[in-house]
Amino acid sequence: MIKSMTGFGRCETVTDEYKISVEMKAVNHRYLDLSIKMPKKFNFFEAGIRNLLKNYIQRGKVDVYISYEDYTENKLCLKYNSALAAEYMDYFAKMEEQFGIQNDIKVSALSRCPEVLTMEEVAEDEQQMWKLLSDTIEEAAKRFVDSRVIEGENLKTDLLGKLAFMTGLVEFIEERSPKILSEYRAKLENKVAELLAGTTIDENRIATEVTIFADKICVDEETVRLRNHMENTRAELEAGGSIGRKLDFIAQEMNREANTILSKANDLEVSDRAIALKTEIEKVREQIQNIE
């Protein structure tokens, strides 16, 4: 199967504690360009996210959006620094002795001293968080690939249709070429007969002129190579995989052969078909840009 480079995938995972949403969309690009927007708390997982996505995507400019909601309320805990509290009390006792004043410190007052009681965030279970995040990303990636495959099959059908049309054009050129020579020979003989007014025509000279003309307009090599490129394109489409770059190269070669056929054309019908070939090949190239 072949895949389009445009696609969309989304997945949302909801538990009693979290909600994670992952959305992916892509457009054409020569290489793989991943842009990931996510909460800062997931920055630690960025390398893992990229490696995971590379298992599903080879080419395209892919935008990934990750959102996160935390439903838990007990993420903070109170920490008591007993050593620091004891040090405060020692100093209060020294101050009482030094200044002769009553040490009236109470627990409530001690607790308000800096750093005696502090609030700390409970550390996340990174393994659990990664499992939740990676599962959501993977499911979004699968749906993303599914959308690419559907579009890819449409591209395949369209390209096969264009190749069939191009084959018909090549067949016409191949069938028309021998007739052009026959018509040229007949015109040449008639013209020479008119000029010589009954004098014997030199058949060798006529044959030589026809041979020179045939060499100028012969497109046998070009049509053979063009047919070969079209068959290779069909084979690649049937084989599937990440074939976009290879097909683009083949399309460039097809365009080169069509240009040569057009430059050699000395017949209106062949010229029309060669122009139609170039037009269709350009359409093929545009479609190939959408294939991964």
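Going by the structure above, here's the rest.
My aim in this report is to walk through the structure given alongside it, one point at a time. (Residues numbered from 1 in each chain as written. Predicted model: local features only at pLDDT ≥ 70, side-chain atom pairs only at ≥ 80, totals over all residues. Heavy atoms only, no water.)

**Section: the sheet that holds strand β4 (residues 60-70)**
Reading across from one edge, β1-β2-β4-β3 is the order of the 4 strands in this open sheet, with mixed pairing throughout. In this open sheet, the two strands that pair with only one neighbour each are β1 (7-14) and β3 (32-37). Averaged over all neighbouring strand pairs, the angle between strand axes comes to 10 degrees, with direction disregarded. Bridge count between β3 and β4: 6 bridges; the pairing is parallel. In the sheet register, D33 faces β4, and the bridge partner there is K61. Relative to the sheet, helix α1 (residues 46-54) contacts β2 (18-27), β3 and β4, its axis offset from that of β3 by approximately 135 degrees. (Pairing = 2+ DSSP bridges. Helix = DSSP H or I, 4+ residues; strand = E, 2+ residues; numbered from the N terminus. Axes fitted to C-alpha atoms, helices over the stretch in contact; angles between N-to-C directions. Contact = heavy atoms within 4.5 Å.)

**What about the pattern of salt bridges?**
Applying the stated criterion to the full structure yields 22 salt bridges. The residue R143 makes a salt bridge to E139 at a minimum N-O spacing of 3.1 Å. Here R143 pairs with E139, and both are found in helix α4 (residues 126-196), just 4 residues apart, close to one helical turn. Using a relative accessible area of 30% as the deciding quantity, one classes E139 as partly exposed. (Salt bridge = Lys/Arg side-chain N within 4 Å of Asp/Glu carboxyl O. Buried < 20%, exposed > 50% of the residue type's maximum accessible area, 1.4 Å probe, protein only.)

**Here's the deal with the side chain of E222**
With respect to the helices and strands, E222 occurs in helix α6 (residues 220-239). Non-local contacts of E222, meaning those with residues more than four positions away in its chain, are made with E257, T260, I261 and K264.

**Section: a negative patch on the surface**
A cluster of acidic residues, D16, E17, D70 and E121, forms a negative patch on the protein surface. Here E17 is to be found in the loop between β1 and β2. The partly exposed category is assigned to E17, whose relative accessible area is 34%. (Patch = residues over 30% accessible without salt bridge, like charges linked within 9 Å, V, L, I, M, F, W, Y side chains within 5 Å. Areas by Shrake-Rupley, 256 points an atom, 1.4 Å probe, with all protein chains shown as cover. Lys, Arg positive; Asp, Glu negative; His and termini not counted. Charge placed at Lys NZ, Arg CZ, Asp CG, Glu CD.)

**Comments concerning α6**
Taking 1.5 Å of rise per residue, 20 residues should cover 28 Å, and α6 covers 29 Å from first to last C-alpha, within 8% of that figure. Residues E222, T223, L226, H229, M230, T233, R234, E236 and L237 constitute the buried set of α6. All buried residues of α6 fall inside an arc of 165 degrees around its axis, so they share one side. Looking at α6, the residues exposed on the side facing more than 90 degrees away from the buried face are E221, V224 and A239. (Expected span 1.5 Å × (residues − 1). Arc of directions from axis to C-beta.)

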